[in-house]
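This is what each chain is made of:
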Amino acid sequence: MDDELLPIGRFARLVGLSVGALRHYDDLGILRPADTDRFTGYRRYRTSQLEDGRVVARLRELEVPLEEIRDILAADDPVERARRLDDHRARLVARNDRLVRVLHQVRGVTDRGEPIVSKPPEPPELDPATRRALAAGLYNHTWTLLETHPRTPAQDDELIHSAHASRYHWGELGADIHLARGEWLCSRVYATLGRAEPALHHARRCIELVEAAGADASRESWDLPAAYEAMARASAVAGDTAETARWKAKATEALAGITDAEDRTLIEGDLATLP
């Protein structure tokens, strides 16, 4: 028969799971048998369930949590399944990073004689005024490096680190619009260096944060067109002409909302340098 009923033992062997695991997954609602004898409790599965059984076995090998496996099996959309697996990958990467840090600390005790009870050093506490000064100063320093030509490879490295350091200190101050401007700067730096993927990432974050700020009093009328300009520039670096044109058009349309003529001129100048 095309979809015959298989005893639990045979099904277990075919999918690579133990009988005990299959019973557990039945109890959790992850992989239900097609038939359960109401008197003996004996479970049987259809051959059409073999693929799901093999998926469960493979996901357990990949250490996907059981509740996540249930959601993956329930998701008919391949894109949604891939998204959930990507979330799991990110959790594994974070766990691996933590283990690397722990290994480093253990080596400090065993190889360098550090005391077991010592606490890893933490960054010094900075008051908001100091953080604001650092964020603004690093922002300006990044622009100085952007305007430097030619730059050395060391200056290109400094350019990246300076932009991210500025973004970090703005982040510690907490206002969405300051975070957006920090993301805009990071996107501009990567676009200038011809690195499309991080330029696109930071441009997207810039737009998200500007939109999240909404009508916040700290948001300026040029923030939104500037965010669109960043996305257009990053798209150009990625070689996506359609997206470049789309975001450039959105930025041009948003220029009408800029109240200050000098601000409008600055962004118009940026847009003029795009393809």
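Up top is the structure these notes are about.
Just so you know, these numbers come straight off a predicted model, no measurement behind them.

Q: Would you mind going over the pattern of salt bridges with me for this structure?
A: A side chain of one charge can pair with a side chain of the opposite charge when the charged atoms of the two come close. In total, this model carries 21 salt bridges according to the counting rule given. One salt bridge connects Arg83 with Asp87, and the closest N-O pair in it is separated by 2.8 Å. In this pair, Arg83 and Asp87 both sit in helix 5 (residues 78-110), four residues apart, roughly one turn of the helix. You can call Asp87 partly exposed: its relative accessible area is 32%.

Q: What am I meant to see in helix 12 (residues 261-272) here?
A: Two residues of an α-helix separated by three or four positions point the same way, owing to the 3.6 residues in each turn. With twelve residues, helix 12 extends 16 Å between its outermost C-alpha atoms, agreeing within 8% with the 16 Å of an ideal straight helix rising 1.5 Å per residue. Between the side-chain oxygen at the start of helix 12 and the backbone nitrogen of Glu262 there is a gap of 3.0 Å, and the oxygen is on Asp260.

Q: Explain the packing of aromatic side chains here, please?
A: We describe a pair of aromatic rings using the distance from one ring centre to the other and the angle between the two ring planes. Tallied over the full model, the rule gives three aromatic pairs. Ring geometry for Tyr228 and Trp247: centres 5.5 Å apart, planes at 45°, overall tilted. Of the two residues, Tyr228 sits in helix 10 (residues 223-237) while Trp247 sits in helix 11 (residues 241-254), which places them 19 residues apart along the sequence. By the burial criterion, Tyr228 is buried, and Trp247 matches it. Looking at Lys250, its charged tip hangs above the ring of Tyr228, at a distance of 4.9 Å from the centre.

Q: I keep staring at the nonpolar core and nothing clicks. Help me out?
A: The tendency in soluble globular proteins is for nonpolar side chains to be buried side by side. In this structure, Val210 and Tyr228 are the most contacted members of the largest nonpolar core, which totals 38 residues. Those elements that provide at least two residues to this core are helix 6 (128-146), helix 7 (153-173), helix 8 (176-192), helix 9 (196-213), helix 10, helix 11 and helix 12. For this core, the element with the most residues is helix 8, which contributes nine residues. Among all residues touching Tyr228, those that are not within four sequence positions of it are Ile207, Glu211, Trp247, Lys250, Ala251 and Ala254. Counting 22 residues, the second largest nonpolar core, distinct from the first, contains Val15, Leu31, Leu50 and Val64.

Criteria and cut-off values
Throughout this description, residue numbers start from 1 for each chain and increase along the sequence as written. In keeping with the model being predicted, local features are shown solely for residues with a pLDDT of at least 70 and side-chain atom pairs are shown and tallied solely at 80 or more, while totals for entire chains, interfaces and linings include all residues. With hydrogens and water set aside, each side-chain value is computed from the structure's full complement of heavy atoms. Note on definitions: salt bridges are taken to be side-chain nitrogens of Lys or Arg within 4 Å of carboxyl oxygens of Asp or Glu. We count a stretch as a helix when DSSP gives it H or I for four or more residues in a row; a strand needs E for two or more, and each element gets its number in order from the N terminus. Relative accessible area decides the class of each residue, using a 1.4 Å probe on protein chains only: under 20% of the type maximum gives buried, over 50% gives exposed, and in between gives partly exposed. The span expected for a helix works out to 1.5 Å for each residue beyond the first. For the purposes of these results, a polar contact is taken to be a pair of N or O atoms within 3.5 Å, where, inside protein, one atom must be able to donate a hydrogen and its partner to accept one; residues adjacent in sequence count only when each atom of the pair is a side-chain atom. Here is the rule: rings of Phe, Tyr and Trp (six-membered ring for Trp) pair when centre to centre is within 6.5 Å. Planes less than 30 degrees apart are stacked, more than 60 are edge-to-face, and the remainder are tilted. A ring is considered to have a charge above it if a Lys NZ or an Arg CZ atom is located within 6 Å of its centre and within 35 degrees of its normal. Definition used in this section: a nonpolar core is a set of buried Ala, Val, Leu, Ile, Met, Phe, Trp, Tyr and Cys residues joined via side-chain atoms within 4.5 Å. Between two residues, a contact is recorded if the distance between any of their heavy atoms is within 4.5 Å.

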